[in-house]
Amino acid sequence: MTTMCRSQVCNPTMWPSGSTEGVSPAVVEGGKELVLSDQQLAKYMELFEENINRGLGKETNPTAIVKCFPTYVQHLPDGTEKGKYLALDLGGSNIRVLLVELGTAMNINSKVFTIPLSIMQGQGTLLFDFIADCLIGFVKSNNVEEELPLGFTFSFPLVQKGLKIGILERWTKDFSCPGVIGNDVVTMLQDALERRGHKKICIAAVLNDTTGTLMAAAFKHPRARIGLIVGTGTNGCYWESQQKAELFDEPDSGSGKVIINLEWGAFGDDGALDFIRRSYDEDVDLHSVNPGKQKHEKMISGMYMGELVRLMAEKFTKAGLMFEGRGSVSLFTRGALESSAVSDIERERYGEFTNVKRVCDSLGLTHATREDYCNMRYLCSLISRRAAQMVAAGLSVLMRRVGHKKVAVGIDGTVYKFHPHFHNLMMEKIKDITGDEFDYSLFLVEDGSGIGAALLAAVLARTQQL
Ligand code: GLC
C-alpha cells in the first residue's frame, strides 16, 4: 500500500490542478506544448538514467553533465544518536545556524541571518567572513563554551575529497562570489574563523542540503533512502552501492553504500532536454546569472516558476488572448511574479477568485475578467504540473536504482512545502509510472538541510569517524 504521510496543504474544496473550467480554448491550445506525454516522460527517464551512469563511471565522469558526486557518507542515522552539535546551513538567501541536542528528544535552537545580495555576489572571503560572524555571534549568544562538532551544509556543487573537504565546482542559484570556485569551502570557513581568533569550532563534515535532508529523513523513517529538494533550486541524492560509485575508492566502511549527490539541476545542459524545453525556458535561461547552466533546475524550481508563468502570460496578452490584449508595466517586467504567487493562485477555493484577483491587482491588471483569472490559474497549473511530473519521473528512476520495494523519500524546499498540489501530483505520477513496483512514501522534512548536518556529525561520532 502506498501511504501519503505528509500533512496535506491541499484540500478537496480547491480548484483541481489543471482544471480547464472557464479557461479560454485559445489558452488551452497555446499551453499544450507544456503538457508532458507519457512518451516524453519515458524518454526523460531513459536519458536521466544514462546521465547517472555517466556521472558514476570513472571514465565517463569528466565529461558527464549530471556529476553524481560521492558524498563520503556511508552511514545513516539509526535513531540512537546522542549529544550536542552545531550546524550551519547555507544554500539560499539565508544562513541558518543551529544548536541541536539529541537525547530522548531533539532540542533545537536556531537563528536565521539574511545574506545581503552584495555578499552573495561579492568577494568570496567576504562571504566566509559573514558566515563566520553569524556562527560566532550565535555561539556566543547561546553561551556555548565547549568545543562542539559542526556539520556544514553548503548547497552548491561540491567535489568532495573526503567528509571534510569540499571543492566548489561552480556557483548555482543567485550566488556568484569570485574566489571560491576551485577552493575547499571548509578551509575557507576555518580561515575566516581563525582571522577572528576563534578556534573552538571543529568542522566535522561538509554536505549538500539533499544529503542533510536524507539524514534527517532517515532519523525519522527507517526506509528513507532518497533526499530531495524542490525549493529555490532543485536536486536529489540517493543511497547507491559503493561498487557502482566508481569515483569513490575508499575502503568499504561496512555498509557497502554511499550517498550520491546527483546535482540533477544540470541535467539537460548538453541539450538533452531540448525535446521538452520551450521558448519560455530559453528566455529564463538567457536572462539568468548562469546562461546555459542548470537547465533542468530552471524548468522546476521556485527561483524560476513565477517567471515562467509571467512569460506565458506576457506572450498570451501580447497575442490578444488575455487581459483584452492590455498588459501592465509589471506584467511585462522580469521577475515581477514570485513563485509564491503561483502557489497562492493554485490554493484557491473552488469557484472563488480571491487569490488570483489579488495577484492580478498587484501586477496592475485591475481590468482582468473572470476568464483572465481562470486563464492565469491554468498557466500556473501548467508550469507546476510539468515540474512535479519531471520530479516524479526522476524519483521513479532513483527508486529503481535504490531497489527496495519499500522506500521513503524525504523532501524539503518551499515549492514542495507550500505548493498545494505538488505532493499529490508527484504521488500520482510515480504511481502511473511504477504501478505496484514500490510501496513508497514522500514526506516533508522540515529544515532537513540544517538538522541533517547536525545528524551527520552525530552519526560520525557514533561510528567513530569524528
Ligand atoms: C542547486 C545546487 C545544489 C542544491 C540545490 C537545492 O541545484 O547546485 O547543490 O542541492 O540547488 O538547494
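Residues numbered from 1 in each chain as written. Predicted model: local features only at pLDDT ≥ 70, side-chain atom pairs only at ≥ 80, totals over all residues. Heavy atoms only, no water.

Asks: Lay out the overall build of the protein chain with the relevant residues and their values.
Replies: A tally of helices and strands in the protein chain yields 15 helices and 13 strands. Relative to the compact-globule value of 23 Å for 466 residues, the protein chain shows a C-alpha radius of gyration of 22 Å, a close match. Judged by the C-alpha coordinates and their principal axes, the protein chain covers about 65 × 45 × 45 Å. Looking at the protein chain as a whole, 59% of its 466 residues qualify as buried. Across the protein chain, contacts joining residues at least 24 apart in sequence account for 74% of those joining residues at least 6 apart. Accessible surface computed for the protein chain: about 17900 Å², of which carbon and sulfur atoms make up 51%. Side-chain charges of the protein chain comprise 50 positive and 56 negative groups, with the mean position of each set lying 2 Å from the other. (Helix = DSSP H or I, 4+ residues; strand = E, 2+ residues; numbered from the N terminus. Rg over C-alpha atoms; globule rule 2.2 N^0.38 Å. Buried < 20%, exposed > 50% of the residue type's maximum accessible area, 1.4 Å probe, protein only. Contact = heavy atoms within 4.5 Å. Areas by Shrake-Rupley, 256 points an atom, 1.4 Å probe, with all protein chains shown as cover. Lys, Arg positive; Asp, Glu negative; His and termini not counted. Charge placed at Lys NZ, Arg CZ, Asp CG, Glu CD.)

Asks: Describe in detail the site of the ligand, supporting the description with residues and values.
Replies: The environment of the ligand is formed by 14 residues, the closest being Thr172, Asn208, Asp209, Glu263 and Glu297. Taking Lys173, its side chain carries an N or O atom lying 2.8 Å from an oxygen atom of the ligand. Thr234 places a main-chain nitrogen or oxygen 3.4 Å from an oxygen atom of the ligand. Relative to its unbound accessible area of 310 Å², the ligand is 98% covered by the protein chains. Classifying every residue of the shell around the ligand by side-chain character gives three nonpolar, seven polar and four charged. (Near = heavy atom within 4 Å. Polar contact = N/O pair within 3.5 Å; in protein donor to acceptor, adjacent residues only side chain to side chain. Nonpolar A, V, L, I, M, F, W, Y, C, P; charged D, E, K, R; others polar.)

Asks: Can you explain the UniProt feature "domain: Hexokinase C-terminal" (unreviewed entry) in the protein chain? Please cite residues and give values.
Replies: Taking the UniProt record as the reference, the feature "domain: Hexokinase C-terminal" (unreviewed entry) is found at residues 225–459. With 47% helix and 14% strand, residues 225–459 has its two end C-alpha atoms placed 16 Å apart. (UniProt positions renumbered as here; feature names shortened; annotations may be inferred.)

Asks: Outline the UniProt feature "domain: Hexokinase N-terminal" (unreviewed entry) in the protein chain, supporting the account with residue identities and numerical values.
Replies: Annotation from UniProt places "domain: Hexokinase N-terminal" (unreviewed entry) at residues 32–219. Overall, residues 32–219 shows 34% helix and 27% strand. The separation of its end C-alpha atoms is 42 Å.

Asks: Kindly report on unusual backbone geometry, identifying the contributing residues and their values.
Replies: Despite not being glycine, Asn143 shows a phi value in the positive range, around 50 degrees. Along the polypeptide, Asn143 turns up in the loop between helix H4 (124–141) and strand S5 (148–154). A positive phi angle, close to 60 degrees, is found at Gln294, a residue other than glycine.

Asks: Requested: an account of the nonpolar core, with residues and values cited.
Replies: Ranked by internal contacts, the top residues of the largest apolar core, which has 120 residues, are Phe422, Met426 and Leu442. Here this core takes 19 residues from helix H12 (residues 370–402), the largest share from any one element. The residues contacting Phe422, other than those within four sequence positions of it, are Val230, Met305, Ser384, Ala387, Ala388, Val391, Val415 and Tyr416. (Core = buried A, V, L, I, M, F, W, Y, C linked by side-chain atoms within 4.5 Å.)

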